[in-house]
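# Results of the structural survey
Chain residues, written in single-letter form:
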Amino acid sequence: MSVMIPEPLSARKNAMAPREDLKIWIDGELLPPSEAKISVFDHGLLYGDGIFEGIRVYNGRIFKEREHLRRFGESAKAIRLELPLPLEGIGEAMHETLRANNITGDAYIRLLCTRGVGKLGISIYKAACPSLIVIADKIELYPPDVYQRGLKCITSSSIRVPPHALSPRIKSLNYLNNVLAKAEANDAGADEAILLNHLGQISECTGDNLFLVKNNRLATPPTSAGILDGITRAVVMELARRRNLPVDEKALIQFDLYVADEIFATGTAAEVVPVTSVDRRVVGDGKPGPITRQLMQDFVAYRNAEGG
Ligand code: PXG
């Protein structure tokens, strides 16, 4: 006898279903979501053994394509995952997916590679055929009003995985730490969580890097603090240099956030987003600050003009 899934569960599942007219690139084929499936024996599912990238498309152009492909290649190398295609071929798969979905405007690409179908057991040798997947869809990380009012953040009780354990520079399919930190923030009525590292220093948010402004200088934790080497972070550092704003990559603690003039977060999905409260301390005057607003504008101009 089969076990029936109770009605509310299946209804909820339907409500979350992706658009059926999407075309997903999976191992060389373009398939609708109902057919684009991976096996329950995929080690990506069984062990979180795999990697991903989140990439923006602006005006039909893939933003920072080379940088995302390079990071994808480095994540693969770090976890000894043999990508099924060279990086140029993966780039071509992303372009093919955009064409198949008639995307000429803005979109979001989720690129992932799983260890693939294998026998049960923790071993890279038990899965011989990695699966490569490209999804081109939309993403909204925060509600639009957050860009005017700023994010309300809390520091999380989840500690960032130390860089000498699984390096947070690997964009792996193990995001539970971040998922739980984000849930903790939302449950506390906040928008986002800030994770401390194993030394009690600021690392980053659950899907964004963090910057503060103090006396017209920017500061952001170094990669050694256990952060993802963010591509948006690098763009914002470049935009700050163009405005002659010094940027210090240095260890920061909660106190630095509490007394900052401004704080903002950067990421592919979030772009540049102001932070106006941390652990119930109001940042500056409680409104997005002038340097944050300037860099938000500069970022929009940059991604529109330079695209990639
Ligand atoms: N830190 C972490 C932990 C991330 O996952 C960033 C910083 C920002 O990096 P980039 O290179 O994007 O500037 C990320 C990126 C999602 C999603 O689905 C998450 C990210 C990117 C795109 C989508 O929530 N995280």
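Note that the coordinates shown come from a computational prediction; the quantities given were computed from them, not determined experimentally.

### A word on the overall build of the protein chain
Helix and strand counts for the protein chain stand at 9 helices and 15 strands. Relative to a compact globule of 308 residues, whose C-alpha radius of gyration would be 19 Å, the protein chain shows 20 Å and is just as compact. Principal axes of the C-alpha set define a box for the protein chain whose edges measure 65 × 45 × 40 Å. Considering the protein chain as a whole, with its 308 residues, one finds that 49% of them fall into the buried category. Contacts spanning at least 24 positions in sequence make up 70% of the contacts within the protein chain whose residues lie at least 6 apart. As displayed, the protein chain has an accessible area near 15400 Å², and 56% of this comes from carbon and sulfur atoms.

### Concerning the packing of aromatic side chains
Counted under the stated rule, the structure contains 5 aromatic pairs. Ring geometry for Phe 52 against Tyr 175: centres 5.1 Å apart, planes inclined by 75°, an arrangement best described as edge-to-face. In this pair, Phe 52 is assigned in strand β3 (residues 50–58) and Tyr 175 in the loop between β7 (151–159) and α6 (176–187), connecting sequence segments 123 residues apart. The structure contains a cluster of three or more aromatic residues connected by ring pairs, namely Tyr 58, Phe 63, Phe 299 and Tyr 302. Across the ring face of Phe 63, the terminal group of Lys 64 is positioned such that the distance to the ring centre comes to 5.9 Å. Stacked on the ring of Tyr 258, the Lys or Arg Arg 281 has its end atom at 3.9 Å from the ring centre.

### Considerations on the domain arrangement of the protein chain
By a frequent convention, interface size equals the accessible area lost on bringing the separate parts together. Segmentation of the protein chain into domains returns domain 1 (21–137) and domain 2 (146–305). One C-alpha centre belongs to domain 1, the other to domain 2, and the line joining them spans 26 Å. Contacts between the two partners involve 24 residues from domain 1, matched on the other side by 21 residues from domain 2. Both sides together, the interface formed by domain 1 and domain 2 hides about 1800 Å², and carbon and sulfur atoms give 60% of it. When the area that domain 1 buries against domain 2 is broken down by residue, the three leading residues are Phe 52, Tyr 58 and Arg 71, summing to 33%. Summed over the shared surface of domain 1 and domain 2, the result is 0 salt bridges. For the pair domain 1 and domain 2, the number of links is 11 residue pairs in polar contact (both at pLDDT 80 or more). Considering each element in turn, the side of domain 1 that touches domain 2 owes the most residues, 8 residues, to β3. Considered class by class, the residues forming the side of domain 1 that touches domain 2 number 10 nonpolar, 8 polar and 6 charged.

### With respect to the pattern of salt bridges
According to the stated counting rule, one finds 17 salt bridges in the structure shown. A salt bridge links Asp 145 to Arg 149; the shortest N-O distance between them is 2.8 Å. By relative accessible area, Arg 149 is classed as partly exposed at 36%. Between Lys 182 and Glu 192 there is a salt bridge, with the nearest N and O atoms lying 3.5 Å from each other. In this pair, Lys 182 sits in helix α6 while Glu 192 sits in strand β8 (residues 192–196), placing the two residues 10 residues apart along the sequence. Comparing Lys 182 with Glu 192, the two get one shared label, buried. Taken together, the shared-partner salt bridges in this structure form one network comprising Arg 169, Asp 229, Arg 233 and Glu 249.

### Observations regarding the site of the ligand
Close contacts around the ligand come from 23 residues, with Arg 110, Tyr 175, Glu 204, Thr 232 and Thr 268 the closest. Within the side chain of Glu 204, one N or O atom sits 2.6 Å away from a nitrogen atom of the ligand. Thr 268 places a polar side-chain atom, nitrogen or oxygen, 2.4 Å from an oxygen atom of the ligand. Alone, the ligand offers 540 Å² of accessible surface; in the complex the protein occludes 92% of this. Those elements that place two or more of their residues in the shell around the ligand are β5 (107–118), α7 (231–242) and β13 (262–267).

### Digging into the environment of Arg 233
On the secondary structure map, Arg 233 appears in helix α7. The exposure class assigned to Arg 233 is buried, which follows from its relative accessible area of 3%. Taking the C-alpha atoms as reference points, Arg 233 and Asp 208, separated by 25 residues in sequence, lie 8.6 Å from one another. Not counting residues within four places of it along the chain, the set of residues in contact with Arg 233 comprises Asn 209, Phe 211, Thr 220, Pro 221, Pro 222, Thr 223, Ile 227, Glu 249 and Thr 266. A polar contact is formed between the side chain of Arg 233 and the side chain of Glu 249, at a distance of 2.7 Å.

### Points about the nonpolar core
Ile 51, Phe 72, Met 94, Ile 109 and Leu 111 are the most contacted members of the largest nonpolar core, which has 24 residues in total. Elements with a minimum of two residues in this core: β3, α3 (65–78), α4 (87–100), β5 and β6 (127–137). With residues up to four places along the chain from it excluded, the contact list for Met 94 reads Ile 55, Ile 62, Glu 65, Leu 69, Ile 109, Leu 111 and Val 134. If you look at the next biggest cluster of nonpolar residues, it comprises 21 residues, including Ile 194, Ile 202, Leu 257 and Val 283.

The rules behind each value
Residues numbered from 1 in each chain as written. Predicted model: local features only at pLDDT ≥ 70, side-chain atom pairs only at ≥ 80, totals over all residues. Heavy atoms only, no water. Helix = DSSP H or I, 4+ residues; strand = E, 2+ residues; numbered from the N terminus. Rg over C-alpha atoms; globule rule 2.2 N^0.38 Å. Buried < 20%, exposed > 50% of the residue type's maximum accessible area, 1.4 Å probe, protein only. Contact = heavy atoms within 4.5 Å. Areas by Shrake-Rupley, 256 points an atom, 1.4 Å probe, with all protein chains shown as cover. Phe/Tyr/Trp six-rings, centres within 6.5 Å; stacked < 30°, edge-to-face > 60°. Lys NZ or Arg CZ within 6 Å of the ring centre and 35° of its normal. Domains from an automatic or database assignment. Buried area = accessible area lost by both parts, 1.4 Å probe. Salt bridge = Lys/Arg side-chain N within 4 Å of Asp/Glu carboxyl O. Polar contact = N/O pair within 3.5 Å; in protein donor to acceptor, adjacent residues only side chain to side chain. Nonpolar A, V, L, I, M, F, W, Y, C, P; charged D, E, K, R; others polar. Near = heavy atom within 4 Å. Core = buried A, V, L, I, M, F, W, Y, C linked by side-chain atoms within 4.5 Å.

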